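Summary of structural features
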Amino acid sequence: MSNFILFLASVTALIGIYTLLTLAVNLHYGYAGLLSFGIVGFVAVGAYTYAIVTRAAPVGEDVYHFYFNQPWWVGFLAAGVVTTIFAFLIGLPTLRVEGDYLLIVTFAFAEVIQKLLSNEGWLTNGTRGFINVHQPFRDVIVGKNYPLFLAGLIVVIVGIVYLIAQRVGTSPFGRTLRAMRDNEPAALSNGKNVYSFKMRIFLLGAAICGLAGAMYSWYMTLALPSLFGMSVSFAAWIALILGGQGNNKGAVVGTIVLLGAQQAFKFIQLTPAMAPIISSIQLIMEGLVLVLILRFWPAGLVPEKSPKPPRLPGVKAEKPQGAKEEA
Amino acid sequence: MQFAVYGLLLGCVLLLATVGFSMIRRIEGFLNIAHGQMLAIGAYSCYVFNSLLGWNIILSAILAVLVTAVIGYLVAQVVFFPLKGKPPLLIAIASTGISYVIQGIIEILFGPFVKQYRFPPMRAIKIGNLSLAGPDQIAMVLAAGLAALFLHLLLTRTETGKAIRAMASDFDLARIRGIKTPRLRIYVWLIASALGGLAGVMIGLISRLAPYMGWEYIMLIMIVAILGGLGSIYGAMVAALIIGLITQMSVLVIPAQYSQVIAFVLIIVVLLIRPKGIFKEA
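Residues numbered from 1 in each chain as written. Chains lettered and ligands numbered in written order. Predicted model: local features only at pLDDT ≥ 70, side-chain atom pairs only at ≥ 80, totals over all residues.

**A look at the overall build of chain B**
In terms of regular secondary structure, chain B is built from 11 helices and 2 strands. Going from the N terminus to the C terminus, chain B shows its helices and strands as α-α-α-α-β-β-α-α-α-α-α-α-α. In summary, chain B has a C-alpha radius of gyration of 19 Å against a globular reference of 19 Å for 282 residues, a match within 12%. Once the C-alpha set of chain B is aligned to its principal axes, its extents read approximately 60 × 45 × 35 Å. (Helix = DSSP H or I, 4+ residues; strand = E, 2+ residues; numbered from the N terminus. Rg over C-alpha atoms; globule rule 2.2 N^0.38 Å.)

**Topic: the overall build of chain A**
Scanning chain A from N- to C-terminus turns up 12 helices and 2 strands. Along chain A, from the amino end to the carboxyl end, the secondary structure elements read α-α-α-α-α-β-α-α-α-α-β-α-α-α. The C-alpha radius of gyration of chain A comes to 21 Å, within 12% of the 20 Å expected for a compact globule of 327 residues. For chain A, the residues scored as buried account for 47% of the 327 residues in total. Counting only contacts in chain A whose residues sit at least 6 apart along the sequence, the fraction spanning at least 24 positions is 77%. (Buried ≥ 20, exposed ≤ 12 C-beta atoms within 10 Å, placed from the backbone. Contact = placed C-beta atoms within 7 Å.)

**Thoughts on the packing of helix α6 (residues 145-170) of chain A against helix α9 (residues 194-220) of chain A**
Residues and elements named next belong to chain A. Their axes nearest at 11 Å, the elements α6 and α9 cross at an angle of 175°. It follows from the interaxial angle that α6 and α9 lie roughly antiparallel. In this structure, α6 contributes L150, I154, I157 and V161 to the contact, and α9 contributes I208, M215, W218 and Y219. Of the residues in the contact of α6 with α9, the class split is 8 nonpolar, no polar and no charged. (Axes fitted to C-alpha atoms, helices over the stretch in contact; angles between N-to-C directions. Parallel < 35°, antiparallel > 145°, perpendicular 65-115°, else oblique. Nonpolar A, V, L, I, M, F, W, Y, C, P; charged D, E, K, R; others polar.)

**Examining the interface of chain B and chain A**
Contacts between the two partners involve 35 residues from chain B, matched on the other side by 35 residues from chain A. Where the side of chain B that touches chain A is concerned, the elements lending two or more residues are α4 (88-110), α9 (213-227) and α11 (259-273) of chain B. With 15 residues, α4(B) is the largest single contributor of residues to the side of chain B that touches chain A. By residue class, the composition of the side of chain B that touches chain A is 28 nonpolar, 6 polar and 1 charged.

**Focus on the packing of helix α2 (residues 35-52) of chain B against α4(B)**
Residue and element names in this part refer to chain B. Contact pair α2 / α4: the axes reach a minimum separation of 9 Å and the direction vectors enclose 20°. Accordingly, the angle class assigned to the pair α2 and α4 is roughly parallel. In this structure, the crossing between α2 and α4 has a hand that is left-handed. Contact residues: G36, Q37, A40, I41 and Y44 in α2; S99, I102, Q103, I106 and F110 in α4. (Left-handed = near helix turned anticlockwise from the far one by under 90°.)

**A closer look at the nonpolar core**
Core analysis: the biggest nonpolar cluster contains 192 residues, and V43(A), L16(B), I223(B) and V224(B) have the highest contact counts within it. Once residues lying within four places of it in the same chain are set aside, the contact partners of V43(A) are L21(A), C209(A), A212(A), G213(A), Y216(A), F228(A) and V232(A). (Core = buried A, V, L, I, M, F, W, Y, C linked by C-beta atoms within 7 Å.)

**Let's talk about helix α10 (residues 233-249) of chain B**
Along an α-helix, a turn takes 3.6 residues, which lines up residues three or four apart on a common side. Residue and element names in this part refer to chain B. Between its first and last C-alpha atoms α10 spans 24 Å; for 17 residues at 1.5 Å apiece the expected length is 24 Å, and the two agree. Those residues of α10 that sit buried are I233, G235, A236, M237, A239, A240, I243, G244, T247 and Q248. Against α1 (2-28), α5 (135-157), α9 and α11 lie the buried residues of α10. (Expected span 1.5 Å × (residues − 1).)

**A few points about helix α4 (residues 99-119) of chain A**
The end-to-end C-alpha separation of α4(A) is 31 Å, in line with the 30 Å expected for 21 residues at 1.5 Å each. Of all 21 residues in α4(A), 17 are buried, a share of seventy percent or more.

**Brief notes about the confidence of the model for chain A**
With 91% of its residues at a pLDDT of 70 or more, chain A shows a mean pLDDT of 83. For chain A, helix α5 (residues 121-124) of chain A is the element with the lowest average pLDDT, namely 78, and α9(A) is the one with the highest, namely 92. (pLDDT = per-residue confidence, 0-100.)

**Quick notes on unusual backbone geometry**
Positive phi outside glycine occurs at T221(A), with the angle close to 50°. In this structure, T221(A) sits in the loop between α9 and β2 (222-223).

**Quick word on the environment of L294(A)**
Of note, L294(A) is situated in helix α12 (residues 275-296). Here the alpha-carbon distance between L294(A) and Q166(A), two residues 128 residues apart in the chain, equals 24 Å. If we skip the residues at most four places from it in the chain, L294(A) touches I241(A), L83(B), L90(B), I93(B) and A94(B).

**Structural notes on the confidence of the model for chain B**
Chain-level pLDDT for chain B is 84 on average; 92% of the residues reach the 70-or-more range. Scoring the predicted complex yields pTM 0.84 and, for the interface, ipTM 0.80.

**Some remarks on the environment of A192(B)**
Tracing the sequence through the fold places A192(B) in helix α8 (residues 181-206). C-alpha separation for the pair A192(B) and G20(B), spaced 172 residues apart in sequence, amounts to 3.8 Å.

**Observations regarding the environment of A64(B)**
Residues and elements named next belong to chain B. Along the chain, A64 turns up in helix α3 (residues 57-80). Along the chain, A64 and A92 lie 28 residues apart, while their C-alpha atoms are 26 Å from each other. Among residues more than four places away in sequence, those in contact with A64 are G42, S45, C46, F49, G197 and V201.

Here is the structure:
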């Protein structure tokens with residue numbers, strides 16, 4: 001029984017981390033229409049920043065030179081900050097031009113980051129990566145309770161980020177983003193600085209990915225280049241399309257369904273010989289789900305609703321005019 | 001010198017692959033991530049004919065190109081044609097889904113391990129002490145050049161090509177003027193996939209096959225496409241040779257693992273200076 005609870009805690013933590021990524025993709029694509037494919041690049045930057053900042057001096061065959069030996073919260077904040085800086089550098093040339101460019105450059109960024117992580121041993125310890133990454137409150141909470149605590153901590157952080165994302169979505173800022181997504185010239189002619197809005201939401205989403213990266217390294221207690229392949233980005237994308245773009249509830253639902261299905265798949269592995277076939281079938285299924293949903297059910301499980309108009313003091317509630325947005 | 005030859009070869013592969021990618025971008029308006037998988041399909045179907053059935057490599061290559069063209073068209077017919085009119089970014093996501101499906105099928109059929117053609121390495125032609133290129137390599141460059149020339153003549157000299165260009169510049173206007181857009185779209189997908197398949201066969205000849213090869217090359221293809229100006233066919237041709245040569249020649253100065261990093265940095269610089277690519281849209 002206790003094993004089952006541990007398994008549940010581990011799945012919850014993983015789902016929580018992926019929920020953050022899906023929320024970030026939702027901020028980028030669902031709200032602002034930015035197609036950022038390489039969010040895994042930001043996750044990797046976050047995870048490695050956390051690992052390096054909280055790292056102690058190298059031992060044995062470790063080859064890294066930089067370590068700061070800081071407590072976990074410093075590493076956690078640093079992960080967010082450093083990721084934001086990277087995102088700013090990416091956004092600078094790409095957000096001014098068409099959406100296609102952002103797709104390509106973020107995609108390439110993720111690949112390049114993975115290459116750098118494997119090859120820059122002085123900074124990242126190469127393909128050996130970092131093991132025994134420092135976990136928060138590890139020395140206070142011992143033994144089998146720790147996974148439960150970690151799952152709880154991650155759920156709390158996901159809750160906070162969800163509230164922030166929800167607030168962003170319903171705020172004037174979020175309305176501007178949606179206007180921009182649906183009709184960019186109209187938003188521009190209303191005096192909105194489209195570039196600045198795109199940049200801000202891009203940075204926010206990237207920072208969330210960076211924090212998720214740090215949490216991923218708590219969960220795995222590892223930071224390895226091979227953990228940050230493109231499949232992480234695609235999982236978040238599939239989850240978002242599945243759940244429904246443009247609303248945070250959809251992002252959460254989609255992640256739970258997708259990750260739940262992935263975990264359930266793990267039970268099917270009968271023999272070692274079957275394992276590669278099962279993983280290929282999983283690839284095919286994920287691709288098919290994505291295509292079928294886009295083709296037949298483009299709104300996803302939880303369709304986007306246009307938010308209620310803000311209640312202003314002294315103004316009578318009017319009927320919303322943009323009724324067709326409901327469809 | 002050897003690096004220049006490899007650079008030229010990679011450039012030719014990228015040229016064939018990116019031209020197809022750019023044609024689809026122009027006609028259909030979306031980034032076809034699944035185009036990388038056309039390379040994989042071409043490479044693996046050539047593997048079937050050459051290594052499993054033991055046929056001549058040239059015959060296998062031609063058959064592989066035909067097979068890829070048909071598969072590419074079928075994918076478009078089943079998946080992309082019904083999605084016409086949806087936002088292009090959404091169709092791009094659908095094409096990643098297709099990439100997954102194709103990669104998974106290849107993995108099931110051929111296993112996750114790296115494969116090679118049954119094709120003996122050829123002796124390089126020597127001038128004095130300088131070893132130049134093998135006859136196979138020269139044949140590949142010639143094939144790529146011929147394919148590019150064929151495409152150029154098709155687009156500029158024939159009725160079909162002119163109609164395709166008209167469709168590329170204004171889809172609705174072309175349709176109103178009585179150009180048969182549905183049939184031309186089929187031609188475009190056939191040609192683009194065939195070129196991708198040829199590029200895949202060439203990859204199989206110069207390196208090896210792996211189920212994930214489609215993903216490896218789609219990134220280079222997209223980088224070339226940006227450098228040449230998205231959707232520009234002639235820009236893509238020149239940009240492919242530039243990227244091919246730069247990534248291979250840079251090995252002389254910096255470690256080989258960084259050739260992709262170089263291409264990436266180049267793209268960021270190009271986007272900062274000339275966001276529409278180095279060539280004007282043709």
